[in-house]
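Residue-level structural notes
Spelled out, the chains give:
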Amino acid sequence: MSTYLLVHGAWHSGQCWERVVPLLASAGHRALAPSLTGHGDRAHLLSRDVGLDTHVDDIVRLITDENLTDVILVGHSYAGLVISSAANRIPDRIAHLVYLDAMVPQDGESAADVMPITQDLIDGALRSESGWRVPPLLEMEPLTGLFGVTDPADAAWLRTTLSDQSVRCLQQPVRLDNPAVNTIPRAHIHCVVGEPKGWPRRPVPPIQPNGTPSQVWQLPTGHDCMITMPSELTDLLLKLG
């Protein structure tokens, strides 16, 4: 039995994984999908002080409190930053890092460094009445939909689960100063349909930090593949378990 820890991206909650968790469980694995501070059942905890470091603390605390080991740590979108810093702090507990259509940072980088267009969201939040709230992105082009979800019923449901993000999540830097984190194997899953313009993806180097060839898979769907292609996503995750 493997342990999968599924970490949602910006504005989302642990609810976004509700089609994937039972599939992993039915294959005999343990799957956890917590909501980060300020989201889902923890939305009431959102404040201007919540940042990337808060979310890293959430994941590290869960792993240590539950005494989890050999964790397959999956980060979607913004959570690529979260899983990177979490693995840096407890590399001995992480068996695999999975970047699911995610930001892939270097040491000291923030979300705006990895994806410069994020600076527009930061600037908008700082100019807003609150001075710190970043509201969820709205539907884009018809092909792109709401985070890649184009089915009207799914999009309507997803909209009810979204909440604001604190600007500090996009400003704080990732820490990757523990050499042990480079020994952890990585996999990258890219969602390649309806990619929004202006949000370029960093190319994956052919060799992982641990010296082995990179693992890169593609799913023919939009960004929130856990909603649009849960079975296909699960099949890829099971290759690592």
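Residues numbered from 1 in each chain as written. Predicted model: local features only at pLDDT ≥ 70, side-chain atom pairs only at ≥ 80, totals over all residues. Heavy atoms only, no water.

1. Some details on the overall build of the chain
- Along the backbone of the chain there are nine helices and eight strands.
- What you see for the chain is a C-alpha radius of gyration of 17 Å, in line with the 18 Å of a compact globule of 241 residues.
- Each principal axis of the C-alpha distribution contributes one length, and for the chain these read about 45 × 35 × 35 Å.
- Within the chain, counting contacts between residues at least 6 apart in sequence, those at least 24 apart form 74% of the total. (Helix = DSSP H or I, 4+ residues; strand = E, 2+ residues; numbered from the N terminus. Rg over C-alpha atoms; globule rule 2.2 N^0.38 Å. Contact = heavy atoms within 4.5 Å.)

2. Considerations on the packing of aromatic side chains
- For the structure on display, the rule yields one aromatic pair.
- For the ring pair W11 and F147, a centre distance of 5.8 Å and an interplane angle of 40 degrees mean the geometry is tilted. Residue W11 is located in the loop between β1 (3-7) and α1 (21-26), and its partner F147 is located in the loop between β5 (133-134) and α6 (152-161); the two are separated by 136 residues in the primary sequence. Exposure class is identical for W11 and F147. Each is buried.
- Geometry around W217 places K239 over its ring, the cationic atom sitting 5.3 Å from the centre. (Phe/Tyr/Trp six-rings, centres within 6.5 Å; stacked < 30°, edge-to-face > 60°. Buried < 20%, exposed > 50% of the residue type's maximum accessible area, 1.4 Å probe, protein only. Lys NZ or Arg CZ within 6 Å of the ring centre and 35° of its normal.)

3. Here's the deal with the sheet that holds strand β3 (residues 71-76)
- The strand order across the open sheet formed by six strands is β2-β1-β3-β4-β7-β8, and the pairing between neighbours is parallel. Edge strands, defined here as strands with exactly one partner in the open sheet, are β2 (30-32) and β8 (215-219). For this sheet the average axis-to-axis angle between neighbouring strands, irrespective of direction, equals 20 degrees.
- Taken together, the five bridges between strand β7 (residues 186-191) and β8 define a ladder with parallel strand orientation. Bridge pairing links A187 to Q215 in β8. (Pairing = 2+ DSSP bridges. Axes fitted to C-alpha atoms, helices over the stretch in contact; angles between N-to-C directions.)

4. Observations regarding α6
- Taken as a whole, α6 has its buried residues at D154, A155, L158 and T161. What you see down the axis of α6 is that its buried residues fit within an arc of 115 degrees, all on one side. Away from its buried face, by an angle of more than 90 degrees, α6 presents the exposed residues P152, A153 and T160.
- Elements that come into contact with the buried residues of α6 comprise α8 (225-228).
- If you check the start of α6, you find a side-chain oxygen 3.1 Å away from the backbone N of A153, and it comes from D151. (Arc of directions from axis to C-beta. Polar contact = N/O pair within 3.5 Å; in protein donor to acceptor, adjacent residues only side chain to side chain.)

5. A look at the environment of M115
- In this fold, M115 is placed in the loop between α4 (111-114) and α5 (118-127).
- Given a relative accessible area of 15%, M115 falls into the buried group.
- It is 26 Å that separates the C-alpha atoms of M115 and A180, two residues lying 65 residues apart in sequence.
- Beyond its immediate stretch of four places on either side in the chain, M115 contacts M103, W199 and P200.

6. A closer look at the pairing of β1
- The element β1 is largely enclosed, with a buried count of five among its five residues.
- Here β1 shows two buried faces, one formed by T3, L5 and V7 and the other by Y4 and L6.
- With three bridges connecting them, β1 and β2 associate as parallel partners. In the strand pairing of β2, L5 is matched with L32.

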